[in-house]
Amino acid sequence: MTKLNENYLKLQSSYLFSTIAKKVAAYKQENPSAEIIRLGIGDVTLPLPSAVIEAMHKAVDEMAVSSSFKGYGPDYGYDFLRQKIVETDYLARGVQITEDEVFISDGAKSDVGNFQEIFDAKASVAITDPVYPVYLDTNVMAGRTGAFKKGKYSKIVYLPCTAKNNFIPLLPKKHVDLIYICSPNNPTGTCLNKEELSKWVEYALNNKSVILFDSAYEAFISEPDIPHSIFEIPGAEKVAVEFRSFSKTAGFTGTRCAYTVVPKALKVFDKEGGEHSLNSLWGRRQSTKFNGVPYIVQKGAEAVYSPEGQKQIKENIAYYMENAKIIREGLRSLGLKIFGGVNAPYIWIKLPKGVTSWDFFGKLLKEANVVGTPGAGFGPCGEGCFRLTAFGSRENTIKAVERIKQLKL
Ligand code: MLT
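Procedures and definitions
Throughout this document, residue positions are counted from 1 along each chain, in the order its sequence is written. Where totals are concerned, whole chains, interfaces and linings use all residues; where local detail is concerned, this predicted model gives features only for residues with pLDDT of at least 70, and gives and counts side-chain atom pairs only at 80 or more. Side-chain measures were taken over the full set of non-hydrogen atoms in the model, leaving aside hydrogen atoms and water. Numbering of helices and strands runs from the N terminus, with a helix taken as a DSSP run of H or I at least four residues long and a strand as a DSSP run of E at least two residues long. The globule rule used for comparison is 2.2 Å times the number of residues to the exponent 0.38, while the radius of gyration itself is calculated over C-alpha atoms. Burial classes follow relative accessibility: with a 1.4 Å probe on protein chains only, a residue under 20% of its type's maximum area counts as buried, one over 50% as exposed, and anything between as partly exposed. UniProt positions are given in the numbering used here, feature names are shortened, and annotations may be inferred rather than shown by experiment. Here, any two strands with at least 2 DSSP bridges between them count as paired. Every axis corresponds to a line fitted to the C-alpha atoms, with the helix fit spanning only the stretch in contact, and the corresponding angles, defined between N-to-C directions, vary from 0 to 180 degrees. Should the near helix be turned anticlockwise from the far one by less than a right angle, the crossing is left-handed, and should it be turned clockwise, the crossing is right-handed. Should any heavy atoms of two residues lie within 4.5 Å, those residues are considered in contact. Gly is put with the polar residues, along with every residue not named as nonpolar or charged; the nonpolar set is Ala, Val, Leu, Ile, Met, Phe, Trp, Tyr, Cys and Pro, and the charged set is Asp, Glu, Lys and Arg. For each residue, the test is whether any non-hydrogen atom lies within 4 Å of the molecule or strand; if one does, the residue is near. Under the rule applied, a polar contact is a pair of N or O atoms within 3.5 Å (in protein, one hydrogen donor and one hydrogen acceptor; residues adjacent in sequence only if both atoms are side-chain atoms). Methods summary: accessible areas were calculated by the Shrake-Rupley approach with a probe of 1.4 Å, and residue burial reflects only the protein chains presented. Centres within 6.5 Å are what make two rings of Phe, Tyr or Trp a pair, Trp counting through its six-membered ring; a difference in plane orientation under 30 degrees is then read as stacked, over 60 as edge-to-face, and the rest as tilted. Salt bridges are identified by distance alone: a Lys or Arg side-chain nitrogen within 4 Å of an Asp or Glu carboxyl oxygen.

**So, the overall build of the protein**
Step number 1: Of regular secondary structure, the protein possesses twelve helices and 17 strands.
Step number 2: Relative to the globule expectation of 22 Å for 409 residues, the C-alpha radius of gyration of the protein, 21 Å, shows essentially globular dimensions.
Step number 3: Seen through its principal axes, the protein has C-alpha atoms that stretch 60 × 55 × 55 Å.
Step number 4: Per-residue burial for the protein yields a buried fraction of 55% across its 409 residues.

See the structure below:
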């Protein structure tokens, strides 16, 4: 009899976005003529920037000739891409990161999901509530939680983030080993400023904790005083790992390229208190379990850093943020309380009193043929809230807002 990892049985029956996709597919089957607008999963709709396409075409041609053909690439990514990341995303912003601290991967989702396996199976974990489900589910799989009751797993430290506390999580009262922070935040679209983030770095320094900082949406920040990187905070290099992605920044959701920064100054400890480099351990993990991102894709990602690439991604981001404004203003005119959508492509809607987020999901799907994401899917504090993304086309975004305006809320 082959036994399984029973932690998998603690998971909710399906991943949030798969559940939504199934519900939408079932509705579509029953209502084939419905013209559905999808503002649920945060998936981009604009095509790849032409600078990226040109670079990828060139790379394809290189693969056709033996003198320039590439087999396995370097485990942690090609130097040409690591160099550009360091120069543009860090040094140019006054943050000291070196190339050997950057690991190229196929996605922030996989990196942030895989990273926890380096830590002790008993490590205590804090997550914000609501939260991007990957942080939680991967720790459930690893056995760091107890049972799921009343919307929460025991042993997890939930940090409520609601309008009441301006979406700023309070420091945990007891010691935690691992802290997941996402800023700009998915799902609430809100951010931590320098002062707030500094408190977390200080907590982690005092508690020898590790912060897993997801900044996949940093390119959408429009206001000053919002850190783009946790490494803008002094001391963070001793306590934080940062996850970044080309998915939303440059339209790579279907192309797959991201990177994780693991500073060499960041140490973790064995049972005897001996120090170990997290950078070396992550490198060891990646070289064992991962064979790198295709050369063609890394060439495309490199082109994001060319002057044309930078110009084109900024235009695309501005387009999405105009969508965010259309959604924000449209829904505000209905008297709804709206958060996010200024430094992030997500708009977080407070629903009228008594309306549950899954009920609203059903109503929106049936009566407006618009798909969004129920807040409860991100955690108990998300109940009574609803997320829309700004990643639709302009035409669909306008149409969706008009349809929502027709609803009796
Ligand atoms: C989301 O909708 O939250 C994101 O698309 C999920 C992801 O990036 O994996």
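From this point on, the discussion continues.
**Things to note about the UniProt feature "domain: Aminotransferase class I/classII large" (unreviewed entry) in the protein**
Step number 1: As recorded in UniProt, the feature "domain: Aminotransferase class I/classII large" (unreviewed entry) lies at residues 35–404.
Step number 2: Here residues 35–404 is 35% helix and 17% strand, with 14 Å between the C-alpha atoms at its ends.

**Some thoughts on the sheet that holds strand β13 (residues 337–340)**
Step number 1: Taken together, the four strands give an open sheet; going across it, the order is β13-β14-β17-β16, and neighbouring strands pair in antiparallel fashion. Across the chains shown, the open sheet's two edge strands, defined by having one partner strand only, are β13 and β16 (373–374).
Step number 2: Here β13 pairs with strand β14 (residues 346–350) via four bridges, running antiparallel. Opposite Ile338, over in β14, you have Ile349 as the bridge partner.

**As for the packing of helix α1 (residues 16–30) against helix α11 (residues 357–368)**
Relative placement of two packed helices is described by the angle separating their axes and the distance separating the axes.
Step number 1: Running from N to C, α1 and α11 cross one another at 35 degrees; their axes reach a closest spacing of 11 Å. In the crossing of α1 with α11, the sense of the turn from one axis to the other is right-handed. Residues Leu16, Thr19, Ile20, Lys23, Val24 and Tyr27 of α1 pack against Trp358, Phe361, Leu365 and Lys366 of α11.
Step number 2: Residue classes in the contact of α1 with α11 are distributed as seven nonpolar, one polar and two charged.

**Some thoughts on the packing of helix α2 (residues 50–63) against helix α9 (residues 295–303)**
Step number 1: Closest axis-to-axis distance for the α2/α9 pair is 8 Å, and the angle between their directions is 150 degrees. The way α2 lies across α9 gives a crossing that is right-handed. Between α2, through Ala51, Val52, Ala55, Met56, Ala59, Val60, Glu62 and Met63, and α9, the contact on the second element is made entirely by Tyr295, Ile296, Lys299, Gly300 and Ala303.
Step number 2: Residue composition of the contact of α2 with α9, grouped by class: ten nonpolar, one polar and two charged.

**A word on the site of the ligand**
Step number 1: For the ligand, the full set of nearby residues is Phe17, Ile41, Gly42, Lys109, Tyr132, Asn186, Tyr217, Lys248, Tyr346 and Arg387.
Step number 2: A distance of 2.8 Å is found between an oxygen atom of the ligand and a side-chain nitrogen or oxygen belonging to Lys248.
Step number 3: A distance of 2.7 Å separates an oxygen atom of the ligand from a polar atom in the side chain of Arg387.
Step number 4: When isolated, the ligand has an accessible area of 260 Å², and the protein chains bury 85% of it.
Step number 5: Tallied by class, the residues present in the shell around the ligand amount to five nonpolar, two polar and three charged.

**A word on unusual backbone geometry**
Step number 1: The step from Ser183 to Pro184 runs through a cis peptide bond, and the omega angle for that step is -10 degrees.
Step number 2: With an omega of 20 degrees, the peptide bond running from Asn186 to Pro187 counts as cis.
Step number 3: Its location among the elements puts Pro187 in the loop between β7 (178–182) and α6 (194–207).
Step number 4: Look at Asn166: it is not a glycine, yet its phi comes out positive at around 55 degrees.
Step number 5: Among the residues examined, Asn166 registers a relative accessible area of 57% and is labelled exposed.

**With respect to the packing of aromatic side chains**
The description of two aromatic rings rests on the distance between their centres and on the angle between their planes.
Step number 1: Inspection of every chain in the model, using the stated rule, returns 27 aromatic pairs.
Step number 2: Taken together, a centroid distance of 5.2 Å and an interplanar angle of 70 degrees make the contact between Tyr78 and Tyr295 edge-to-face. With Tyr78 in the loop between α2 and α3 (79–90) and Tyr295 in helix α9, the pair connects residues that are 217 residues apart, well separated along the chain.
Step number 3: Judged by relative accessible area, Tyr78 falls into the buried class, the value being 11%.
Step number 4: Its relative accessible area of 7% is what places Tyr295 among the buried residues.
Step number 5: Between Phe246 and Tyr259, the ring centres sit 6.0 Å apart and the planes meet at 55 degrees, which makes this aromatic pair tilted.

**A word on the pairing of strand β17 (residues 385–389)**
Step number 1: Here β17 lies mainly inside the structure; five of its five residues are buried.
Step number 2: Judged by which residues are buried, β17 turns out to be covered on both faces: Cys385, Arg387 and Thr389 on one side and Phe386 and Leu388 on the other are all buried.
Step number 3: Pairing of β14 with β17 involves five bridges; the strand directions are antiparallel. Each bridged residue has a counterpart across the sheet, and for Lys350 the counterpart in β17 is Cys385.
Step number 4: Inspection of the sheet shows β16 paired to β17 by two bridges, in the antiparallel sense. Bridged to Thr373 within β17 is Arg387.

**So, the pattern of salt bridges**
Step number 1: The full count for this structure, using the stated rule, is 18 salt bridges.
Step number 2: Lys70 is the salt-bridge partner of Glu62, the closest N and O atoms lying 4.0 Å from each other.
Step number 3: Of the residues examined, Glu62 reaches a relative accessible area of 22% and is grouped as partly exposed.
Step number 4: The salt bridge involving Glu302 is made with Lys299; its shortest N-O contact spans 3.0 Å. Here Glu302 pairs with Lys299, and both are found in helix α9, just three residues apart, close to one helical turn.

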